[in-house]
Amino acid sequence: MKSETKETIEAVTAPILDIAIVGGGIAGLSTAYELSKHGVQFRVFEAGDRPGGVILTERFDGWIIDAGPDAILRQKPAALKLCQELGIADRLQNILPPRTSYVLRDEQLHPLVEGSFLGFPLRLGALARSSLFTLPGKLRMALEPLLPKRNTNADETIAAFVQRRFGNEAVRYLAEPLLAGIHAGDVDRLSIRALFPRLVEAENHFGSVLRAFRTLQTPTSSKGPFVSLPGGIGELVEHLVNALPPQTLALSTRITEIQRAGTFLIKTSNGPIRARAVVLAVPAYVAAGLLRSIDTTLSSLCNKITYASTATVAFGYYKRQIDHPLSGTGFVVPRVESNPLLAATWVSSKWPSRAPEGCVLLRGFLGGGRDPDCLERSDDELVELARNALSRVLHISGPPLFTRLYRWTQKSPQYEVGHNNRIVDIQQRLVNIPGIFLAGSGFQAIGIPDCIDNGRETAVQAAKFTNSQIS
């Protein structure tokens, strides 16, 4: 009884915020940054001991290692705009030439064709010259403009879409390692509409993917499609955090429960607070747990969004140890190959000044939907698995100068078939819970630019809501 009385007193006397942001990843930080411009009182609560979520950069002895994403897509402007506002746009770096990426087939690396779209060659001459596909595979892909378009709006998997339009070989050596691989997912489960809507729109409007992108093709930038920062992508997080008002980021503070009581009562590991609105910028399964006491149906919908786990393994070598030119950015590995890697990045060939002179930095990726039990292995097993796989492809001799292993448990949301419909259902439930907002990659913001855009837009909505409550 005394404990209940104490909790009641603490709840009544808890400080009240306009907006509580749960989650200090890039979406939560972007929400906070935008809110700082709207004159509302807010705070970010992050369970971990650092901000940034999957964005993590480690720097030591001349090495710069991105443990998670290492690039920002230039085509989507939200991240570039944020860099301009933070005063770091002049620090953005382009990928070093040549910007060639490869696909592993029969233990040989085959370059993706220049001028392709998502790996699909747009010109017949380029397709004919590709070493990645067999002659029957090339002929099947070349027939794509002659095929009728699908007469239904039903969602389908990436594999089903690509097989219909381009054939089985395109599924095995492009769709599975590249399109699904970007999201560490299963090509037979991921939604083409949720992840690659431009391909669906191309078929719907032009009757052919190749015809659409040949028609719409604009001159590609000579600078390449991606940018980064000299100190790694972690530099973006550091500048974003520094731009927030003092005392608005609470690290090592776990949210244990959210209750609806006029305002929202939020129980944290450091005591209760109240807020007029709550932004949940956390993985969907975390949001599901926090929403259970507010709306069980919404909680269940969030919980149906699945996640994959991955591991990144970084290696430093002397350049002389590697009998491969490393001319390009790296390679992806199809599921049909006898290689445990999802992909590998030649970091020091991709970005300038990421390794000391005479050294190279490599990253290997493991797990995902292809190997869901991967992270059950020990650290030593994961490191050795990645090292052996890289050594076999790149002909590496001798031990690495160092290794770093980064585990990302349930950090890659899987937009499976039906995801867009589920998001519609979630949004409809949210209408009945004024003051609760969802943001981040688990819902409809895959990638850094989309998370930034989604976070800032969510901030505008949340600020409008709290201002209406105050007035």
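For the structure itself, look to the data block above.
A brief structural summary. (Residues numbered from 1 in each chain as written. Predicted model: local features only at pLDDT ≥ 70, side-chain atom pairs only at ≥ 80, totals over all residues. Heavy atoms only, no water.)

Here we come to the packing of helix α3 (residues 78-86) against helix α17 (residues 448-470). Interhelical geometry of α3 versus α17 gives an angle of 70° and a closest axis separation of 7 Å. Overall, the two elements α3 and α17 adopt an arrangement that is roughly perpendicular. The segment α3 lies against α17, with Ala78, Ala79, Lys81, Leu82 and Glu85 engaging Pro449, Ile452, Asp453 and Arg456. Classifying every residue of the contact of α3 with α17 gives 5 nonpolar, no polar and 4 charged. (Axes fitted to C-alpha atoms, helices over the stretch in contact; angles between N-to-C directions. Helix = DSSP H or I, 4+ residues; strand = E, 2+ residues; numbered from the N terminus. Parallel < 35°, antiparallel > 145°, perpendicular 65-115°, else oblique. Contact = heavy atoms within 4.5 Å. Nonpolar A, V, L, I, M, F, W, Y, C, P; charged D, E, K, R; others polar.)

Looking now at the sheet that holds strand β6 (residues 93-94). Taken together, 3 strands build an open sheet; the order of strands is β5-β9-β6 and the sheet is antiparallel. One side of each edge strand has no neighbouring strand; the edge strands of this open sheet are β5 (72-73) and β6. As judged from the 2 bridges shared by β6 and strand β9 (residues 226-228), these two strands associate in the antiparallel manner. Its bridge partner being in β9, Gln93 is matched across the sheet by Ser228. (Pairing = 2+ DSSP bridges.)

Here we come to helix α15 (residues 379-394). For α15, spanning 16 residues, the distance from its first C-alpha to its last is 22 Å, which sits close to the expected 22 Å at 1.5 Å a residue. Restricting attention to buried positions, one finds in α15 the residues Leu382, Val383, Ala386, Ala389, Leu390, Ser391, Val393 and Leu394. (Expected span 1.5 Å × (residues − 1). Buried < 20%, exposed > 50% of the residue type's maximum accessible area, 1.4 Å probe, protein only.)

Next up on the list: unusual backbone geometry. Backbone torsion omega between Pro97 and Pro98 reads -5°, so that peptide bond is classified as cis. With respect to the secondary-structure elements, Pro98 resides in the loop between β6 and β7 (101-105). Not every positive phi belongs to a glycine, and Ser353 is a case in point at roughly 60°. By the element assignment, Ser353 lies in the loop between α14 (347-350) and β17 (359-367).

Quick look at the side chain of Ser299 now. Assignment of secondary structure puts Ser299 in helix α13 (residues 296-303). Those residues in contact with Ser299 that sit more than four places away from it in its chain are Ala288, Leu291 and Arg292.

The next point concerns the packing of aromatic side chains. A full pass over the atoms with the stated rule returns 9 aromatic pairs. Seen in terms of ring centroids, Trp63 and Phe402 are 4.8 Å apart; in terms of plane orientation they differ by 70°. Their pairing is edge-to-face. On the criterion of sequence distance, the pair formed by Trp63 in strand β4 (residues 63-66) and Phe402 in strand β18 (residues 402-414) is long-range, its members being 339 residues apart. When sorted by exposure, Trp63 lands in the same class as Phe402, which is buried. Counting every residue linked through ring pairs, the aromatic cluster contains Phe60, Trp63 and Phe402. One Lys or Arg, Arg320, reaches over the ring of Tyr318 and ends 4.3 Å from the middle of that ring. (Phe/Tyr/Trp six-rings, centres within 6.5 Å; stacked < 30°, edge-to-face > 60°. Lys NZ or Arg CZ within 6 Å of the ring centre and 35° of its normal.)

This brings us to the sheet that holds β17. In sheet architecture, strand pairing relies on hydrogen bonds along the backbone and comes in two forms, parallel and antiparallel. Spatially, 7 strands are ordered β8-β7-β15-β16-β17-β14-β18 in an open sheet, and the strand pairing comes out mixed. The sheet terminates laterally at β8 (108-111) and β18, the two strands that pair on one side only. Across the sheet, the mean angle separating the axes of adjacent strands is 25° when strand polarity is ignored. In the sheet, strand β14 (residues 306-318) pairs with β17 via 9 bridges, with the strands oriented antiparallel. Along β17, the bridge assignment pairs Thr310 with Gly367. Against the sheet, α15 engages β7, β8, β14, β15 (330-332), β16 (343-346), β17 and β18, with an angle of about 60° to β14.

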